[in-house]
Amino acid sequence: MDSTINLQEGQSPGSLNNSARAMMAAIAKWRDDLSGNVVTAGTASAFTVTTNQVFASLTDGLMIVVRMSARNNAAATLNVDGLGAKTIATIYGTAIEAGMLPSGSIQTLTYDSTDDKWIAHNARENVHKPG
């Protein structure tokens, strides 16, 4: 809930402009978090990201789109807005393998509160394995 957005019934006309601007700013932050221009940091096994919305908690279905700063190692985690490192899993709920999230790739991730994991929608399932 954004306390700067106040669109209650019967509000004065003078307060409407500020509330509308705050709502537009909130929508812009949401758009930016889904643009693929938010870049991860951290390491190949422990990624971090700071969103534009700066979430106060992780809720089921929360979605972000990030550009990977490095190729992942197996069993990588993602810590969004300092809310704690969570396992990154495939759409099947299994841990990702090394290389499924290539450096520079844009990944859509949804938080699954039941399993306490980030689900990577477009992780490459067929990773080339040497040997």
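Heads up: the structure comes first, above all this text.
Treat the numbers as computed from the prediction; the structure is a model and nothing was measured.

S.K.: What's the story with the side chain of Asp112 in this structure? I'm lost.
M.R.: If you trace the backbone, Asp112 turns up in strand β7 (residues 106–112). No salt bridge is formed by the buried Asp112. Its closest oppositely charged neighbour is Lys117, at 7.3 Å. At a separation of 3.0 Å, a polar atom in the side chain of Asp112 contacts the main-chain amide nitrogen of Thr114.

S.K.: Can you walk me through the sheet that holds strand β2 (residues 41–42) in this structure?
M.R.: Two strands in a sheet stick together by hydrogen bonds in their backbones, pointing the same way (parallel) or opposite ways (antiparallel). Reading across from one edge, β1-β4-β7-β8-β6-β5-β3-β2 is the order of the eight strands in this open sheet, with mixed pairing throughout. The outermost strands of the open sheet, each flanked by one partner alone, are β1 (38–39) and β2.

S.K.: Would you mind showing me how to read the pairing of strand β8 (residues 117–120) here?
M.R.: Across a regular strand the side chains alternate sides, sitting on one face of the sheet and then on the other. Here strand β6 (residues 85–89) runs beside β8; their pairing, made up of three bridges, is parallel. From the neighbouring strand, Ile88 faces β8, where its bridge partner is Trp118. Here β7 runs beside β8; their pairing, made up of four bridges, is antiparallel. Considered in β8, the bridge of Leu109 is made with Ala120.

S.K.: I keep staring at a nonpolar patch on the surface and nothing clicks. Help me out?
M.R.: Side chains of Met23, Ile27 and Trp30 sit close together on the surface and give an oily, nonpolar patch of about 310 Å² of accessible area. Along the polypeptide, Met23 turns up in helix α1 (residues 13–33). With relative accessibility at 34%, the residue Met23 sits in the partly exposed group.

S.K.: Please explain the pattern of salt bridges as it appears in this structure.
M.R.: Taken as a whole and assessed by the stated rule, the structure comprises two salt bridges. Between Asp32 and Arg31 there is a salt bridge, with the nearest N and O atoms lying 2.9 Å from each other. Among the residues examined, Asp32 registers a relative accessible area of 27% and is labelled partly exposed. Here Asp116 makes a salt bridge to Lys86, at a shortest N to O gap of 3.2 Å. Of the two residues, Asp116 sits in the loop between β7 and β8 while Lys86 sits in strand β6, which places them 30 residues apart along the sequence. Judged by its relative accessible area of 17%, Lys86 is buried.

Calculation criteria
- Residues numbered from 1 in each chain as written.
- Predicted model: local features only at pLDDT ≥ 70, side-chain atom pairs only at ≥ 80, totals over all residues.
- Heavy atoms only, no water.
- Helix = DSSP H or I, 4+ residues; strand = E, 2+ residues; numbered from the N terminus.
- Buried < 20%, exposed > 50% of the residue type's maximum accessible area, 1.4 Å probe, protein only.
- Lys, Arg positive; Asp, Glu negative; His and termini not counted.
- Salt bridge = Lys/Arg side-chain N within 4 Å of Asp/Glu carboxyl O.
- Polar contact = N/O pair within 3.5 Å; in protein donor to acceptor, adjacent residues only side chain to side chain.
- Pairing = 2+ DSSP bridges.
- Patch = residues over 30% accessible without salt bridge, like charges linked within 9 Å, V, L, I, M, F, W, Y side chains within 5 Å.
- Areas by Shrake-Rupley, 256 points an atom, 1.4 Å probe, with all protein chains shown as cover.

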